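Letter by letter, the chains look like this.
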Amino acid sequence: MTKSSGFILPFLILFVNIMQAQTEKTDPLYKTIISKDSLFFSVGYNTCNTKQMESLLSDRFEFYHDKGGFEDRKNFITDFKNGLCKSPETYQIKRVLINKSTEIYPMYKDGKIYAAIQNGDHLFYEKMGSQAEKLVGEAKFTHLWILENAEWKLKNSLSFNHHPKQTTDNETMFDNDQSMQNWLKENNIPALGLGIIEDEKLKQVKVFGGIKNGISAPSNTLFNVASLTKPVTAMVALRLISLGKWKLDEPLDAYWTDPDIAADPRHTQLTTRLILSHQTGFPNWRWMNADKKLNFQFDPGTKYQYSGEGFEYLRKALEKKFGKSLDQLANELIFQPLRMNDTNYVWDQNTDESRFAIGYDKEGKAYPTVKNKTANAADDLHTTITDYGNFMVSVMNGKNLKPEIFQEMIRKQVKTKENKYFGLGFEIYDLGNGDYALSHSGADLGTQCITIVLPNSGKGIVIFTNVDDGYKVYEKLVLHYLGKEGKKIVETETR
């Protein structure tokens, strides 16, 4: 080996080690430093809990600020007490970490970690008296955490690149929980459930706001998702078809005929295909008719008309055929296999009302909670973001469906508008170049929900809200999380 190659080899090994030095988010060190950051800022700094802050500062702590200069530990604590925390009832400042910005690098000596460097960005919110909290600034930071007597202490803090910031920055707003909370308050959204699908996996689950006055919404909040019930019912039928126990194009009169249309020969034309693609000819609901009876408003299979009655018709046929209720069939075929333990058509002893998001009108008045004792195939399913997000992942993968049945599901059964169709149980957006999206929405008193998945790219979004006009937040969320495909979907809807 030459002298030059002998020098280069150790250098390359060192370089590779440096390239791999950033700690993964799943690493215990990463979790530890993030925990210390939270204790220092969320528990200490943001609440003026000086004792909490002091417990995490090294005796040799040094603070460097690009506007305020240098301070040692003693001066830092004194200025904090007499400055930001002098009158917290009249003025408060809150620091919020931008999670995606955080990088953590271990520092080694003799093969053991003795310190860690934390880099990132943080936001600052200001609150004066009874005024609403507002975002006022952003900065970068570098923290040196060291192990002192086996305890992590903050040794050096550098805060720099301070500049004004406003909530109109969508990237900041959606990547930061506090900004998201503020945005929802501005739009009068009591609670928002958000599920983000990436790489064909449910990667993020977040729930913001409150389920009722004074009670924060937990991550497993139960929402009434209105017509997002229909895709679940559709998958029950498609699963049975894949198992060879049900037929897509078999007339349903072999199992069920509604008395209201028994005298109309067109009832013999009704099939599962026509119901799942909304081509039955039924109204949305029979109570919308003057006589409150079910009828055909056009010949089945001739055009599109959205109908909840069609799904209820399918439910009754399935229940007659199998001698089981729809909720029993769904439990066996969908909920149990996908571990959707918080999803149900009916309100029973297993429903945890303490986690349920009450629905509100635009003025903030609460609606009575719907507590169905029998399943409605088209409406009032209650579920969580986690359950429904995993359900949509299974949909985009065609899980437990025969390939030919999945292809029927995503086939354009009927056109509803330019570049938009209904397949079997889902709306289909034609995004061009062979790309497409599957979607469905839900709207009822006190609930507005939507889900969109992009099977080719493995991306998707689930949005639940508990207010009449929750739809007004859809567009920004779809554009941010689904990128160019989301833009095409929005453009289709706004034409």
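Residues numbered from 1 in each chain as written. Predicted model: local features only at pLDDT ≥ 70, side-chain atom pairs only at ≥ 80, totals over all residues. Heavy atoms only, no water.

(A) Looking closely at the sheet that holds strand β15 (residues 427-432). Reading across the sheet, the nine strands line up as β10-β9-β8-β18-β17-β16-β15-β14-β13 and stay open at both edges, with antiparallel pairing between neighbours. Two strands lie at the open edges of the sheet, namely β10 (215-216) and β13 (414-417), each paired on one side alone. In this structure, strand β17 (residues 447-454) lies alongside strand β18 (residues 459-465), joined through seven bridges in antiparallel fashion. Considered in β18, the bridge of I450 is made with I463. Helix α11 (residues 385-397) rests against β8 (191-198), β9 (201-212), β16 (435-444), β17 and β18 of the sheet, and its axis sits at about 150° to β9. (Pairing = 2+ DSSP bridges. Helix = DSSP H or I, 4+ residues; strand = E, 2+ residues; numbered from the N terminus. Contact = heavy atoms within 4.5 Å. Axes fitted to C-alpha atoms, helices over the stretch in contact; angles between N-to-C directions.)

(B) Spotlight on the confidence of the model for the chain. Counting all residues, the mean pLDDT for the chain is 90, and 93% of those residues have values of 70 or more. In the predicted structure, residues 1-20 sits below a pLDDT of 50 and forms one contact with residues beyond four places in sequence or in another chain. (pLDDT = per-residue confidence, 0-100.)

(C) Molecular detail of the nonpolar core. Residues F391 and M409 are the most contacted members of the largest nonpolar core, which totals 71 residues. A total of eight residues in this core trace back to one element, the largest contributor, which is helix α7 (residues 229-242). What M409 contacts, discounting residues up to four positions off in sequence, is M235, L238, V395, L401, G423, L424, F426, I428 and L438. L192, I358, L431 and L454 belong to the second-largest nonpolar core, a separate cluster that totals 28 residues. (Core = buried A, V, L, I, M, F, W, Y, C linked by side-chain atoms within 4.5 Å. Buried < 20%, exposed > 50% of the residue type's maximum accessible area, 1.4 Å probe, protein only.)

(D) Local environment of a nonpolar patch on the surface. A cluster of nonpolar side chains, namely Y64, F70, L158 and F160, defines an oily patch on the protein surface of about 340 Å² accessible area. If you trace the backbone, F70 turns up in strand β2 (residues 69-72). (Patch = residues over 30% accessible without salt bridge, like charges linked within 9 Å, V, L, I, M, F, W, Y side chains within 5 Å. Areas by Shrake-Rupley, 256 points an atom, 1.4 Å probe, with all protein chains shown as cover. Salt bridge = Lys/Arg side-chain N within 4 Å of Asp/Glu carboxyl O.)

(E) Broad picture of the state of the cysteines. As enumerated under the stated definition, the model contains one disulfide in all. Note on cysteine connectivity: C48 is disulfide-linked to C85, with sulfurs 2.0 Å apart. The sign of the S-S torsion, about -90°, decides the handedness of the disulfide formed by C48 and C85: left-handed. Residue C48 is located in the loop between α2 (28-44) and α3 (50-56), and its partner C85 is located in the loop between α4 (73-82) and β3 (91-97); the two are separated by 37 residues in the primary sequence. Under the relative-accessibility criterion, C48 is labelled partly exposed at 26%. (Disulfide = S-S within 2.5 Å.)

(F) How the structure looks around helix α6 (residues 177-186). Of all the residues in α6, the buried ones are Q178, S179, M180, N182, W183 and L184. One or two residues past the end of α6 sits N188, with phi positive at roughly 55°.

(G) The packing of α7 against α11, seen in detail. Across the interface, α7 lies against α11 with an axial gap of 12 Å and an inter-helix angle of 45°. One way to sum up the angle between α7 and α11 is to call them oblique. Once α7 is placed against α11, the crossing between them reads as left-handed. Packed against α7, whose contacting residues are P231, V232 and M235, the element α11 presents Y388, F391 and V395 at the interface. For the contact of α7 with α11, the per-class residue count stands at six nonpolar, no polar and no charged. (Parallel < 35°, antiparallel > 145°, perpendicular 65-115°, else oblique. Left-handed = near helix turned anticlockwise from the far one by under 90°. Nonpolar A, V, L, I, M, F, W, Y, C, P; charged D, E, K, R; others polar.)

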